[in-house]
Amino acid sequence: MKRLILTRHAKSAWDDPTVTDHDRPLNERGKAAAADLGEWLASRGYVPEKVLCSDAVRTRATWSGLAPALPGTPVLELKPALYHAGPDVMLAVLQHAQADVVMMIGHNPGIADFAARLVATAPLNPEFSRYPTGATLVADFMIDSWAEVSFGLGATVDFVIPREIRV
């Protein structure tokens, strides 16, 4: 079995018009949401061994915000191909993963479409189709290797958005 934790970056800052999209940081709400997501993941035992992350500033900052709550030392691998990737590119990146539990951190609109196509049955949460910032899907796959993963094979385990876990 393989497990995927699929996270959209947390809320980014839009207050500096001179910053490029790729270099946009998280805002304060995004930083808090990333920390909350880390606590939520750890509390449920959803701990990645490998993290495949877009190389954008906001995705890296999302990982940096949630990582301190996780036990162990997941291996971070920056993947420029995940920056604004569509579902087919995201699937291709995942098919090369080597760990049993993989986290991917990416962007909309691609991540929402990827999540929807990946699982056989969508979570009941009405926010799933929108996949707002910080949205996180946990899905299991009855496969031996990520090379076997394809659309529709995932079994939804959990789904959350940061405002549902904010304390």
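None of the values given here were measured: they were computed from a predicted structure.

A. Examining unusual backbone geometry more closely. Here the bond from Asn 108 into Pro 109 is cis, since omega is 5°, no more than 30 degrees from zero. Mapped onto the elements of the fold, Pro 109 is located in the loop between strand E4 (101–106) and helix H4 (110–118). A positive phi angle, close to 55°, is found at His 84, a residue other than glycine. Looking at the secondary structure, you find His 84 in the loop between strand E3 (75–78) and helix H3 (87–94). The partly exposed category is assigned to His 84, whose relative accessible area is 40%. Positive phi, normally seen in glycine, also occurs at Tyr 131, with a value near 45°. Looking at Tyr 131, the relative accessible area reads 0%, which means it is buried.

B. Highlighting the environment of Gly 86. Within the fold, Gly 86 resides in the loop between E3 and H3. Take Gly 86: its relative accessible area is 28%, and that puts it in the partly exposed class. In this structure the C-alpha to C-alpha distance between Gly 86 and Pro 109, which are 23 residues apart in sequence, comes to 7.5 Å.

C. Highlighting the nonpolar core. One finds Leu 4, Leu 6, Met 104 and Tyr 131 to be the most contacted residues of the largest nonpolar core, which totals 30 residues. For this core, the secondary structure elements donating two or more residues are strand E1 (2–8), H3, E4, H4 and strand E5 (136–141). Ranked by residues supplied to this core, first place goes to H4 with five residues. Aside from chain neighbours lying at most four places away, what touches Leu 4 is Leu 94, Val 102, Met 104, Phe 114, Leu 118, Leu 137, Val 138, Ala 139, Phe 141 and Trp 146.

D. Inspection of the pairing of E3 at higher detail. Pairing between strand E2 (residues 50–53) and E3: four bridges, direction parallel. By the bridge assignment for E3, Val 51 is matched with Leu 76. The parallel pair E2 and E3 is bridged by helix H2 (residues 57–66), and the resulting crossover is right-handed.

E. Representation of the packing of H3 against H4. Contact geometry of H3 with H4 gives a least axis separation of 8 Å together with a crossing angle of 65°. Between H3 and H4, the interaxial angle falls into the category roughly perpendicular. For the crossing formed where H3 meets H4, the hand is right-handed. Contact residues: H3 offers Pro 87, Asp 88, Met 90, Leu 91 and Leu 94, while H4 offers Gly 110, Ile 111, Asp 113, Phe 114, Arg 117 and Leu 118.

What counts as what
Residues numbered from 1 in each chain as written. Predicted model: local features only at pLDDT ≥ 70, side-chain atom pairs only at ≥ 80, totals over all residues. Heavy atoms only, no water. Helix = DSSP H or I, 4+ residues; strand = E, 2+ residues; numbered from the N terminus. Buried < 20%, exposed > 50% of the residue type's maximum accessible area, 1.4 Å probe, protein only. Core = buried A, V, L, I, M, F, W, Y, C linked by side-chain atoms within 4.5 Å. Contact = heavy atoms within 4.5 Å. Pairing = 2+ DSSP bridges. Right-handed = clockwise from strand over helix to strand, strands pointing away. Axes fitted to C-alpha atoms, helices over the stretch in contact; angles between N-to-C directions. Parallel < 35°, antiparallel > 145°, perpendicular 65-115°, else oblique. Left-handed = near helix turned anticlockwise from the far one by under 90°.

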